[in-house]
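Listed here are the chains, written in short residue letters.
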Amino acid sequence: SALVVGEASAWLYWWYQESGSNDNEGLLLSGSTALTKRYFTLGNYSRFVRPGYVMVDVLGNSNPNLLLSAFTGTGGTVVVVAINKSTGPVDVPTTIAGGTAPASCTPYVTSSSANLAAGSAVTVTGGTFTASLAATTVTTFVCM
């Protein structure tokens, strides 16, 4: 919401390691090198939305449990980050407008059982692709 609604131009996270409770507030668990889900969720953005990328509008989303943001980068790369906050799966039809549409989008999913796991590429036809997002997941689509 900070990026899309608040139009923040950056996101900084300073809580490196949880001190005491190991409640996923830090990027590492207290007293260990174990990475938290917050680390991988942050990676859904920081690994794929690179310096110089520009946020573009996402239109038509009326689902309050689905947060969408999109970015364009060098060489026509498009990155779409979809957060499904609901307890059920959601289908996301996405149209990429303006410029030359990419041929495919590769999803990278963070969930209770996956950490930035690459999925099978989704074909883009006529600038449009549809993907199903599992419940309570963050999925980044890297489109080239």
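Residues numbered from 1 in each chain as written. Predicted model: local features only at pLDDT ≥ 70, side-chain atom pairs only at ≥ 80, totals over all residues. Heavy atoms only, no water.

**Student:** When you look at helix 1 (residues 37-46) in this model, what are you seeing that I'm missing?
**Tutor:** It helps to recall that an α-helix has 3.6 residues per turn; residues three or four apart then point in one direction. Listed as buried for helix 1 are Phe40, Gly43 and Asn44. One face of helix 1 carries all of its buried residues, which in axial projection span an arc of 110 degrees. Those residues of helix 1 that are buried lie in contact with strand 3 (78-84), strand 5 (104-110) and strand 9 (137-143). (Buried < 20%, exposed > 50% of the residue type's maximum accessible area, 1.4 Å probe, protein only. Helix = DSSP H or I, 4+ residues; strand = E, 2+ residues; numbered from the N terminus. Arc of directions from axis to C-beta. Contact = heavy atoms within 4.5 Å.)

**Student:** Looking at this model, I keep getting lost on the packing of aromatic side chains. Mind explaining?
**Tutor:** What describes a pair of aromatic rings is the distance from one ring centre to the other and the angle between the planes of the rings. Counted according to the given criterion, the structure contains 3 aromatic pairs. Centre to centre, the rings of Phe48 and Tyr108 are 4.6 Å apart; their planes meet at 35 degrees, and the pair counts as tilted. Remark: Tyr108 occurs in strand 5 and Phe48 occurs in the loop between helix 1 and strand 1 (54-56); sequence separation between them is 60 residues. Geometrically, the ring pair formed by Phe129 and Phe141 is tilted, given 5.2 Å between the ring centres and 55 degrees between the ring planes. A residue pair is termed long-range when its members are at least 10 positions apart, and Phe129 in strand 8 (residues 128-133) and Phe141 in strand 9 qualify at 12 residues. (Phe/Tyr/Trp six-rings, centres within 6.5 Å; stacked < 30°, edge-to-face > 60°.)

**Student:** I'm lost on unusual backbone geometry in this one. Help?
**Tutor:** Peptide bonds are, in most cases, trans, and in most cases residues other than glycine have a negative phi. One non-glycine residue with positive phi stands out, namely Leu116, at about 50 degrees. Take Leu116: its relative accessible area is 15%, and that puts it in the buried class. Phi is positive for Thr136, close to 40 degrees, though the residue is something other than glycine. Looking at the secondary structure, you find Thr136 in the loop between strand 8 and strand 9.

**Student:** I tried to follow the nonpolar core on my own but got confused; where do I start?
**Tutor:** In a soluble, globular protein the nonpolar side chains are often hidden away together inside. Formed by 17 residues in total, the largest nonpolar core has its most connected members in Leu66, Cys105, Phe129, Phe141 and Cys143. Counting only elements with at least two residues in this core, the list comes to strand 2 (66-72), strand 3, strand 4 (90-95), strand 8 and strand 9. Once residues within four sequence positions are removed from consideration, Phe129 is found in contact with Val92, Pro93, Thr94, Ile96, Cys105, Val122, Thr123, Val124, Phe141 and Cys143. Grouped together as the second largest cluster of nonpolar side chains are 12 residues, Val49, Tyr53, Phe71 and Val138 included. (Core = buried A, V, L, I, M, F, W, Y, C linked by side-chain atoms within 4.5 Å.)

**Student:** When you look at the pairing of strand 8 in this model, what are you seeing that I'm missing?
**Tutor:** Consecutive residues of a regular strand have side chains that alternate between opposite faces of the sheet. Side chains Phe129, Ala131 and Leu133 project from strand 8 onto a buried face, and the interleaved Thr128, Thr130 and Ser132 project onto a face without burial. Here strand 4 pairs with strand 8 via 6 bridges, running antiparallel. Along strand 8, the bridge assignment pairs Thr94 with Phe129. (Pairing = 2+ DSSP bridges.)

**Student:** Looking at this structure, how should I read the side chain of Thr137?
**Tutor:** Along the chain, the position of Thr137 falls in strand 9. Engagement of the side chain of Thr137 in a polar contact is seen with the backbone oxygen of Ala134, the distance being 2.8 Å. Those residues in contact with Thr137 that lie beyond four places of it in its chain are Ala82, Ile83, Asn84, Val109, Thr110 and Ser111. (Polar contact = N/O pair within 3.5 Å; in protein donor to acceptor, adjacent residues only side chain to side chain.)

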